[in-house]
Structures are given as C-alpha cells and as structure tokens.
Amino acid sequence: TACFWTNMLILLVLLIPNTFPFYIATHSTKQSSLKMAKSKQLPSLQQRPRRRYRTWSQMIQRLEEYHKQHGHSRVSPCQDLTLYQWTIKLRNNYHPSSSQRRRLSREKLQALERLDFVWSLHEDSWNTKFQQLHQYKQIHGHVC
C-alpha cells in the first residue's frame with residue numbers, strides 16, 4: 001500500500017500544482033525524508049514549459065512531410081502528437097460541411113486537398129471498409 005500512496009502523491013504533484021509543499025507541511029511523519037525547505041523547491045520543477053506557437057506554414061510543412069512518408073494525412077497520435085492535435089483542431093473548426101465552421105482561405109484548403117486531407121475520419125473508415133467488403137464479394141461471390 002505504500003507504493004500505491006506514493007504513486008497517488010506523485011499524481012497529485014503533477015496534476016495540482018503547488019499542493020505538494022502543503023501536503024508535506026500538514027502530513028509530514030518521521031518516515032518522510034523530505035524536509036519543508038526541500039519541498040519548497042519543488043514548485044519550480046512543476047512548471048510546465050510554455051507551448052511553442054506554431055504557424056500554419058510550419059504545421060502544413062509537417063503534414064506534407066508526414067504525407068510523403070506515410071502516403072496519407074491521417075496522422076496517428078502515436079506517431080506525431082502535436083501534428084495529430086493540429087489536424088483534430090482543423091477538423092473541429094473548419095470542417096467544410098459544418099454550419100458553424102470558421103473559414104479557411106482558398107489557398108489553405110487547396111494545400112489540404114493536395115495532401116488528401118480527410119475531414120471525417122469516421123466517414124473515411126466506413127468507405128474503406130465498404131470497399132474491402134465489395135472486393136471480398138467480388139472474389140468470393142458472397143458477404144456472409
């Protein structure tokens with residue numbers, strides 16, 4: 001159980017900034033090796049680095065490189081988390097069929113079209129599976 005509570009404390013430190021010194025001050029025991037003076041140094045380590053602002057040209061260039069390497073623009077979060085998040089924002093904010101969408105310039109839309117950008121991952125997945133089913137029926141003569 002000591003390991004469980006240690007892990008919970010680590011989560012607390014990471015998720016709720018500046019709570020660790022308070023925890024040490026109010027819950028210190030003889031077993032604790034951290035002194036209050038040392039725990040005051042921890043908040044400086046907890047600060048997360050600021051996000052780097054990425055411009056459209058930087059991100060579209062990364063997407064072009066991804067497209068060259070993988071042959072598609074459906075970015076996986078495992079391969080490039082930042083690029084994946086950017087494509088999700090594009091889909092959410094600029095989807096062509098959305099009535100509440102923001103507008104992208106014609107040049108930006110054309111750049112995405114050149115990369116076969118998929119606006120709806122669900123629809124793309126359905127179309128791919130339907131094509132596979134159609135090919136299966138052509139080969140085997142049935143789908144059951």
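Residues numbered from 1 in each chain as written. Predicted model: local features only at pLDDT ≥ 70, side-chain atom pairs only at ≥ 80, totals over all residues. Heavy atoms only, no water.

Student: I'd like a rundown of the overall build of the protein, residues and numbers included.
Tutor: Of the regular secondary structure elements, the protein holds 8 helices and 0 strands. Counted over contacts in the protein with a minimum sequence separation of 6, partners at least 24 positions apart contribute 43%. Here the protein has roughly 11,900 Å² of accessible surface; of this, 54% comes from carbon and sulfur atoms. (Helix = DSSP H or I, 4+ residues; strand = E, 2+ residues; numbered from the N terminus. Contact = heavy atoms within 4.5 Å. Areas by Shrake-Rupley, 256 points an atom, 1.4 Å probe, with all protein chains shown as cover.)

Student: How would you sum up helix 8 (residues 121-140)? Please name residues and give values.
Tutor: Compared with an ideal rise of 1.5 Å per residue, which puts 20 residues at 28 Å, helix 8 spans 28 Å between its outermost C-alpha atoms and is within 8% of the ideal. The opening residue of helix 8 is Ser120, an N-cap whose side-chain oxygen sits 3.2 Å from the backbone nitrogen of Glu123. Just downstream of helix 8, Gly141 is the residue with a positive phi angle, here 80 degrees. (Expected span 1.5 Å × (residues − 1). Polar contact = N/O pair within 3.5 Å; in protein donor to acceptor, adjacent residues only side chain to side chain.)

Student: Go over the packing of aromatic side chains, please, and point to the residues and values.
Tutor: Tallying each qualifying case throughout the model produces 3 aromatic pairs. Where Trp56 meets Trp86, the ring centres are 5.2 Å apart and the plane angle is 55 degrees; that geometry is what we call tilted. Taken as a pair, Trp56 in helix 5 (residues 56-70) and Trp86 in helix 6 (residues 81-94) lie far apart in primary sequence, 30 residues in all. Given the relative accessible area of 15%, Trp86 is considered buried. For the pair Trp126 and Phe130, a centre-to-centre distance of 5.2 Å together with 5 degrees between the ring planes defines the contact as stacked. (Phe/Tyr/Trp six-rings, centres within 6.5 Å; stacked < 30°, edge-to-face > 60°. Buried < 20%, exposed > 50% of the residue type's maximum accessible area, 1.4 Å probe, protein only.)

Student: Before we move on, could you go through the side chain of Asp80 and cite the residues and values that matter?
Tutor: Examined against the element boundaries, Asp80 turns out to sit in the loop between helix 5 and helix 6. Polar contacts involving the side chain of Asp80 include one to the main-chain amide nitrogen of Leu83, which spans 3.1 Å. If sequence neighbours within four positions are ignored, Asp80 has contacts with Arg62 and Val75.

Student: Go over the environment of Tyr84, please, and point to the residues and values.
Tutor: Inspection of the secondary structure puts Tyr84 in helix 6. The spatial distance from the C-alpha of Tyr84 to the C-alpha of Ser73 is 9.6 Å, given a sequence separation of 11 residues. In this view, Tyr84 contacts Val75, Ser76 and Pro77; residues no more than four positions away in its chain are not counted.

Student: For the packing of helix 5 against helix 7 (residues 106-114), give the residues involved together with the corresponding values.
Tutor: Viewed as axis vectors pointing N to C, helix 5 and helix 7 meet at an angle of 15 degrees, and their least axial separation amounts to 10 Å. Put simply, helix 5 runs roughly parallel to helix 7. Considering how the two elements wind past one another, helix 5 and helix 7 form a crossing that is left-handed. For the pair formed by helix 5 and helix 7, the contact residues are Trp56, Ile60 and Leu63 on the first element and Lys108, Ala111 and Leu112 on the second. Looking at the contact of helix 5 with helix 7 residue by residue, the class counts come to 5 nonpolar, no polar and 1 charged. (Axes fitted to C-alpha atoms, helices over the stretch in contact; angles between N-to-C directions. Parallel < 35°, antiparallel > 145°, perpendicular 65-115°, else oblique. Left-handed = near helix turned anticlockwise from the far one by under 90°. Nonpolar A, V, L, I, M, F, W, Y, C, P; charged D, E, K, R; others polar.)

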